Structures are given as structure tokens and as C-alpha cells.
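Listed here are the chains, written in short residue letters.
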Amino acid sequence: MVAGCRDQSAWYIQYLPHGRPYDVGARPGRIVNFVGGGAGNSFPHGSGYASSKAAIMRFTECLNDTTIANDVRAFAVDPGLVRTAMTELQLSSEAGRTYLPGIQKLFDDGVDIEPMHAALLIADIAAGRFDTLAGRLLRGVDDRDALAEEMDAIVADDGRALRFTTADQAKL
């Protein structure tokens, strides 16, 4: 039993948002989990990375399903390809060039974005602008105004969520 937790099965909900006890019903809130391009796409040598990002996406969906009744929403954010120390290492190391040979082309093609795009998106999430899309994927490359206009259609189409495209499976 986790000290201070009334319901052992709820431990992750109470401790997840801040790493300390959190009374889920006390106030509205938003949780942002970071996923990456691996959440929706496979790529050679990407089994560990892609699997972990897909797992975080599914975790976000389930977490949102669990916390939404208490006015706490969870979102998955793909910040986009951002030039960081990690991506620099992927570009400059032999291992990076061997196992991620296409990353250089992505940078050459200008696919990378400034980190401020994701920061502004997360600020909008925190302000409640995208509450309709709770439990779904939002991306740093998204045009936030267009995304806001498309929210209802995205939800109606069950978009930006992990789903099998041709398997009809009822949601629990």
C-alpha cells in the first residue's frame, strides 16, 4: 500500500501529475505526455523507440479516460523534429548515421521546427483551448488556429488516436 493513497489502484492517478500526492477531484487540470514520430510510424531499427512512444500514446488515452470525470485531461504532444543535443548526436555519430540514415535528409528538407512551436501548443493546452481533444495527439507542427477549427471533426472521426484502421472494435 502506498502511504497516503486511499485506493491502491488509483496510485498512479494521485502521484503521476506532480510526482507527489494530487487530489484528482480538487481542481481541473491537464497532463501533457510527450510522444514522438515513433508513436504513429514504424521505421527501421526503431522498435524500441517506436514501441515506447506508442505505449505512451495509449497510456495517455487510458489516463484521460480515467481522469476526465474528475475534470483532469491528458494530452499526447509530439513536439516535432527539434534540433537538440540528441539529434546532433544522431547526425554526427557513426551509430546515428547507421541506424537513422534518413534523419539528415529530414533536416536538409527543413522538416525540423523551433521548440517554441511545441511550447506555444502546450501553453494553449494549459489554458484549455484544446480540451475537446483530450486523450488525443497534438503536434508542434500543427497550425493551432486550424486545429482549433477542426477539433469537432477530429473527435467525430475518432482521429489522432491509436486505432486499427480496418478492425471494428468496440471501446470498453
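The rules behind the values
- Residues numbered from 1 in each chain as written.
- Predicted model: local features only at pLDDT ≥ 70, side-chain atom pairs only at ≥ 80, totals over all residues.
- Heavy atoms only, no water.
- Helix = DSSP H or I, 4+ residues; strand = E, 2+ residues; numbered from the N terminus.
- Buried < 20%, exposed > 50% of the residue type's maximum accessible area, 1.4 Å probe, protein only.
- Contact = heavy atoms within 4.5 Å.
- Areas by Shrake-Rupley, 256 points an atom, 1.4 Å probe, with all protein chains shown as cover.
- pLDDT = per-residue confidence, 0-100.
- Right-handed = clockwise from strand over helix to strand, strands pointing away.
- Lys, Arg positive; Asp, Glu negative; His and termini not counted.
- Salt bridge = Lys/Arg side-chain N within 4 Å of Asp/Glu carboxyl O.
- Phe/Tyr/Trp six-rings, centres within 6.5 Å; stacked < 30°, edge-to-face > 60°.

(A) Just the overall build of the chain, in detail. When its secondary structure is counted, the chain shows 7 helices and 3 strands. Burial status across the chain gives 34% buried among its 172 residues. Residue pairs at least 24 apart in sequence account for 53% of intrachain contacts in the chain once pairs closer than 6 positions are excluded. Accessible surface, the chain: about 10500 Å² in total, of which carbon and sulfur atoms supply 56%.

(B) Molecular detail of the side chain of Arg73. Along the chain, Arg73 turns up in strand β2 (residues 72-78). Excluding residues that lie within four positions of it along the chain, Arg73 makes contacts with Gly29, Arg30, Ile31, Asn64, Thr67, Ile68, Asp131 and Ala134.

(C) Structural view of the confidence of the model for the chain. Averaged over all residues, the pLDDT of the chain is 83; the fraction at 70 or higher stands at 81%. Per-residue pLDDT, averaged within each element of the chain, yields its smallest value for helix α1 (residues 11-15) (45) and its largest for helix α7 (residues 144-156) (97). The model gives residues 1-15 a pLDDT under 50, and that stretch makes 25 contacts with residues more than four places away or in other chains. Within the model, the stretch residues 17-21 combines pLDDT values under 50 with 8 contacts to residues more than four positions away or in other chains.

(D) Looking closely at the pairing of strand β1 (residues 29-34). Judged by which residues are buried, β1 turns out to be one-sided: Gly29, Ile31 and Asn33 face inward and are buried, whereas Arg30, Val32 and Phe34, on the alternate face, are not. Between β1 and its parallel partner β2, the chain crosses via helix α2 (residues 47-67), and the hand of that crossover is right-handed.

(E) Highlighting the environment of Ala39. Here Ala39 shows up in the loop between β1 and α2. Judged by relative accessible area, Ala39 falls into the buried class, the value being 12%. Considered as a pair, Ala39 and Arg58 are 19 residues apart in the sequence and their alpha carbons are 9.2 Å apart. Setting aside residues up to four positions removed in sequence, Ala39 forms contacts with Lys53, Ala54, Met57 and Leu162.

(F) Highlighting the side chain of Lys53. With respect to the helices and strands, Lys53 occurs in helix α2. Look at Lys53: it is buried, it has no salt bridge, and the nearest opposite charge is Asp78 at 8.4 Å. Excluding residues within four positions of it along the chain, Lys53 makes contact with Phe34, Val35, Gly36, Gly38 and Ala39.

(G) Main features of the packing of aromatic side chains. The full count for this structure, using the stated rule, is 1 aromatic pair. Seen from their ring centres, Phe43 and Tyr49 are 6.2 Å apart, and the 55° between their planes marks the pair as tilted. Residue class for Phe43 comes out partly exposed when judged on its relative accessible area of 31%.

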